[in-house]
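# Descriptive structure summary
In case you want the letters, here they are:
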There are 2 protein chains.
Amino acid sequence: MRNIDEHTITPAVISRQAESGNPRFKEIMDSLVTHLHDFARDVNLTEAEWMQGIQFLTATGQKCDAKRQEFILLSDTLGLSMLVVAMNHAKPRGATEATVFGPFHVDDTPAAEQGADLAQGAPGAPLFVEARVQGLDGRPIAAADVDVWQADDDGLYDVQRPELGDTRRARGVLRTDADGKVRFRTVAPTAYPVPTDGPVGDMLLASGRHPWRPAHIHFMIKARGYQTLVTHIFRDADPYLDSDVVFGVRSSLIGDYVKHAPGTAPDGSVAQRPFYTLALVFVLSTAS
Amino acid sequence: MRNIDEHTITPAVISRQAESGNPRFKEIMDSLVTHLHDFARDVNLTEAEWMQGIQFLTATGQKCDAKRQEFILLSDTLGLSMLVVAMNHAKPRGATEATVFGPFHVDDTPAAEQGADLAQGAPGAPLFVEARVQGLDGRPIAAADVDVWQADDDGLYDVQRPELGDTRRARGVLRTDADGKVRFRTVAPTAYPVPTDGPVGDMLLASGRHPWRPAHIHFMIKARGYQTLVTHIFRDADPYLDSDVVFGVRSSLIGDYVKHAPGTAPDGSVAQRPFYTLALVFVLSTAS
């Protein structure tokens, strides 16, 4: 296999993969190599552009750490994440739709009691959430884990605030009660730009794209016997609902954030400023 | 733009790129997004596979440092580098062919005098190289920079030996004399495996591929008025000439490494062990 040219290189690489002991891996790699080569041929990629690509990917990897996942952000902003979600989460009618996972979940999210204030000092208008988790049959799902994470009123997640160190706020994992419900206090989310201080920010700028996500709260709900649901509840009337930088908005996931004048809040406390309430129902589909 | 599904996501991303101020960047990104999405759809990529891909790319970036470029190695082993070289270096008849740049060039390669011993202690059989650099018209090209780098008899580049620190050996930049010639001593190169202690090694293993490159010496030749030539001279009779892991072998680039019994070497010294000589002609095409 010598003197390979730009036309023979693709079958040459694929034939070299013939000895893979993993048919699924080979299927993925064969398609990847074909599309990678077709891309380079389609655009007649120059060596300088190739080197820019190498440097971009290298910088993207090196931007990642325990609190930052720039490759997920790249996948999100190029629509790959939403595509993978859409292919893998065709839900039965009536089940809550899924959307992207995003780069800001952390694995060591603290457990929270019913009624807890997840905000823990995160700035923002008070928001009282009551969510019911149920099956397609409408019956409540008790003992489901409801993992919640969100940005604060400054548009920042806790992991984006170096001054917080490893302190976690505006996130928590609650467990549904016998009625399938969780109740918690947090802050109303606001729209925010994805981080633009890395390679993905450069890419968005060069693409003429804004970096904004409409305001939302993340939920990941796990219950025995049901498919795990990864989704958001968006805030109604957000100006970015039609141009989410990660293409994640579904009409069915826009919540009704009800604004209330100062007064007695759902937890019995007296709010000195306007507050919001949000009532949610999550419908899980059964595990296949 | 809400409720995007796996079919509408690709035009959605492309339409978002419409405001790019750089038409070439937009062309590249449009094609990239199309192929990336088609790849995911073709193989019905699962979320677990997507996450494996994210982790692979992240690890690849994080394996890179001043002495290691794992993304170039990935590009090389997937045939992308050779494809880009082939597309961009269609040479006129008679000009020396190009091949891949590889990940082991360093920018601070020391200058070397005519006749210098580039090996500087690198292990291997002595090799005496005389190379003539000329134009398509056969006339010598004086004052061309000839950048040479190679692995030693253990199959290692200097940058792969932590014990060497920043010491450079088995590399150097020479300048052609009035006859277009450079002469230097080095060691005969041997076949070697590309580094397999990183993500690319895992990929090769999973693909059932060996990691070997046939023995070669790298050359990058720059001369005013001529196209820069990046190429190798492979060693004849190498067992990996037909299965180079980076697909870089061209018949015209296989050198005639002549073995000699111990005795007087071309530089007048007396060799106590067998040594090799290699006579080369590099033909540069004129800059366009």
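It is worth spelling out the interface of chain B and chain A at this point. On the side of chain A, 66 residues touch chain B, which itself brings 66 residues to the contact. Those elements that place two or more of their residues in the side of chain B that touches chain A are α1 (9-16), α2 (23-42), α3 (47-62), α4 (70-77) and α5 (80-88) of chain B. The element that contributes the greatest number of residues to the side of chain B that touches chain A is α2 of chain B, accounting for 14 residues. A breakdown of the residues in the side of chain B that touches chain A according to their chemical character gives 32 nonpolar, 21 polar and 13 charged.

Leu284 of chain A together with Leu284 of chain B are the most contacted members of the largest nonpolar core, which has 158 residues in total. Mapped onto the domain boundaries, this core takes at least three residues apiece from domain 1 (9-45) and domain 2 (70-284) of chain B. In this structure, leucine 284 of chain B is in contact with Ala95, Val133, Gly135, Ile141, Ile221, Ala223, Tyr226, Gln227 and Leu229 of chain B, ignoring residues within four places of it in sequence.

Okay, the relation of the copies chain B and chain A next. At an RMSD of 0.0 Å, chain B and chain A line up after a rotation of 180° and a shift of 0.0 Å along the axis. Here the transformation between the copies is reduced to the relation of a two-fold axis. Relative to the rotation axis, the closest C-alpha in chain B is found at glycine 61 of chain B, a distance of 2.0 Å. Taken together, the interface assignments show that 100% of the residues at the interface of chain B recur at the interface of chain A, consistent with an identical surface on both copies.

Below, the discussion takes up the packing of helix α4 (residues 70-77) of chain A against helix α6 (residues 199-206) of chain A. Residues and elements named next belong to chain A. Where α4 contacts α6, the two axes come as close as 9 Å, and the packing angle between them is 25°. Here α6 runs roughly parallel to α4, going by the angle between their axes. Where α4 abuts α6, its residues Glu70, Leu73, Leu74 and Thr77 lie against Pro199, Val200 and Leu204. Grouping the amino acids of the contact of α4 with α6 by side-chain chemistry returns 5 nonpolar, 1 polar and 1 charged.

Before going further, it helps to examine α5 of chain B. Counting buried positions along α5 of chain B yields 7 of 9 residues, so the element is predominantly enclosed. Those residues of α5 of chain B lying buried are Leu80, Ser81, Met82, Leu83, Val84, Val85 and Ala86 of chain B. The elements touched by buried residues of α5 of chain B are α1 (9-16), α2 (23-42) and α3 (47-62) of chain A together with α4 of chain B.

This part covers α4 of chain A. Along α4 of chain A, 8 of the 8 residues are buried, which leaves the element largely enclosed by surrounding structure. Along α4 of chain A, the positions that sit buried rather than exposed are Glu70, Phe71, Ile72, Leu73, Leu74, Ser75, Asp76 and Thr77 of chain A. On the buried face of α4 of chain A, the contacting elements are α3, α5 (80-88) and α6 of chain A together with α3 of chain B. Phi for glycine 79 of chain A, located one or two positions after α4 of chain A, is positive at around 80°.

Okay, the sheet that holds strand β13 (residues 275-284) of chain B next. All names here are of chain B. As summarised here, the arrangement of the 4 strands in space is β4-β1-β13-β10, forming an open sheet in which the pairing is mixed. The strands lining the two open edges of the sheet, one partner per strand, are β4 (181-187) and β10 (258-260). The sheet shows a mean angle of 20° between the axes of neighbouring strands, taken without regard to direction. Note that β10 and β13 share 3 bridges and pair antiparallel. When the sheet's bridge partners are listed, lysine 259 is paired in β13 with tyrosine 276.

What counts, and at which threshold
Residues numbered from 1 in each chain as written. Chains lettered and ligands numbered in written order. Predicted model: local features only at pLDDT ≥ 70, side-chain atom pairs only at ≥ 80, totals over all residues. Contact = placed C-beta atoms within 7 Å. Helix = DSSP H or I, 4+ residues; strand = E, 2+ residues; numbered from the N terminus. Nonpolar A, V, L, I, M, F, W, Y, C, P; charged D, E, K, R; others polar. Core = buried A, V, L, I, M, F, W, Y, C linked by C-beta atoms within 7 Å. Buried ≥ 20, exposed ≤ 12 C-beta atoms within 10 Å, placed from the backbone. Domains from an automatic or database assignment. Least-squares fit on C-alpha atoms with pLDDT ≥ 70 in both. Axes fitted to C-alpha atoms, helices over the stretch in contact; angles between N-to-C directions. Parallel < 35°, antiparallel > 145°, perpendicular 65-115°, else oblique. Pairing = 2+ DSSP bridges.

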